[in-house]
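Each chain is listed here by its residues.
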Amino acid sequence: MISRRALLGTGAATAVAAAGLGGAALMHRLDDVARGVGIEPHSEPDPADDRLIARVAADQNALLARVEATASKHKGLRLDPFVAISTAHAKAVGVAATVPDIAAPPAGRDVAVRALATAYAAASRARAADSGKATSPALARVLASMSAGLAQCAHAVGDLR
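Residues numbered from 1 in each chain as written. Predicted model: local features only at pLDDT ≥ 70, side-chain atom pairs only at ≥ 80, totals over all residues. Heavy atoms only, no water.

Peer 1: I'm lost on the pattern of salt bridges in this one. Help?
Peer 2: When charged atoms on two side chains of opposite charge get close, those side chains can pair. Considering all chains together, one arrives at 4 salt bridges under this definition. Close ionic contact of Arg55 with Asp130 constitutes a salt bridge, the shortest N to O distance being 2.6 Å. Within this pair, whereas Arg55 is found in helix α3 (residues 47–73), its partner Asp130 is found in helix α5 (residues 109–133), the two being separated by 75 residues in sequence. For Arg55, a relative accessible area of 36% puts it in the partly exposed group. We classify Asp130 as buried; its relative accessible area is 2%. (Salt bridge = Lys/Arg side-chain N within 4 Å of Asp/Glu carboxyl O. Helix = DSSP H or I, 4+ residues; strand = E, 2+ residues; numbered from the N terminus. Buried < 20%, exposed > 50% of the residue type's maximum accessible area, 1.4 Å probe, protein only.)

So, in C-alpha cells, the structure goes:
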C-alpha cells in the first residue's frame, strides 16, 4: 500500500512537470525541452499539404503518361528529355495510387505537339497556384520550381513544331 506522503509527493511532482511542460508550450520551447531529455523532435506534415501532394502527384503522373503516350505514337519527335523531366517531377511528389487514364494523343504531329505544349502550360499554371496553397515552405519551393520547369517544357515542346 502506498503511503500518503508518497502519494502527495507523486501528485506534486506530476503537477510541477505538467506546469513545466505547459510553460514550455506557451513559450514555444517544447523542442528544446525534448532535446534536453534526449528526444530529437521532428515536425509533422500538415494534412492540407498531404492532400495537396496527393493531388499534384496524380496530375504529374497524368502528364507523364500523356508525354509517354505521345512519344510512343510519334517516334520522330525527340521527347526523351521531356519524358525524363516529367519522370523526375512525378518522383518528386510521389507516384499516384492509381495509373491515370488519358486520352490517346492526336494522330497529327503538329496537333500532338500543340496539345502537349498546352498540357505543360496548364500544369505550370496549376503548380504555380499550388505553391501558393502549400503550408510548408519547402513544398512551396518545390512546387514553384516545378512550375518554372513545366513552363520551360511548354516553350521547348512548342519549338518542336
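Still to come is the rest of the account.
Peer 1: So what exactly am I meant to see when it comes to the environment of Ala107 here?
Peer 2: Locating Ala107 in the fold gives a position in the loop between α4 (80–93) and α5. A relative accessible area of 65% means that Ala107 is categorised as exposed.

Peer 1: Just checking my understanding: could you explain the packing of aromatic side chains for this structure?
Peer 2: Both the distance between ring centres and the angle between the ring planes are used here to describe each pair of aromatic rings. As enumerated under the stated definition, the model contains 1 aromatic pair in all. Considering the side-chain rings of Phe82 and Tyr120, the 6.3 Å spacing of their centres and the 55° angle between planes classify their relative orientation as tilted. One end of the pair, Phe82, is in helix α4; the other, Tyr120, is in helix α5, with 38 residues separating them in the sequence. Note on Phe82: relative accessible area 8%, which makes it buried. For Tyr120, a relative accessible area of 0% translates into the label buried. (Phe/Tyr/Trp six-rings, centres within 6.5 Å; stacked < 30°, edge-to-face > 60°.)

Peer 1: Is there a simple way to think about the packing of α3 against helix α6 (residues 137–158) in this case?
Peer 2: Packed helices, taken two at a time, are described by their axes: the angle between them and the distance between them. The geometry of α3 relative to α6 is characterised by a closest axis approach of 12 Å and an angle of 20° between their N-to-C directions. Classified by the angle between their axes, α3 and α6 sit roughly parallel to one another. The two elements α3 and α6 meet at a crossing, and its hand is left-handed. Between α3 and α6, the residues in contact are Asp49, Leu52, Ile53, Val56, Gln60 and Leu63 and Leu139, Leu143, Met146 and Leu150, respectively. Tallied by class, residues from the contact of α3 with α6 come to 8 nonpolar, 1 polar and 1 charged. (Axes fitted to C-alpha atoms, helices over the stretch in contact; angles between N-to-C directions. Parallel < 35°, antiparallel > 145°, perpendicular 65-115°, else oblique. Left-handed = near helix turned anticlockwise from the far one by under 90°. Contact = heavy atoms within 4.5 Å. Nonpolar A, V, L, I, M, F, W, Y, C, P; charged D, E, K, R; others polar.)

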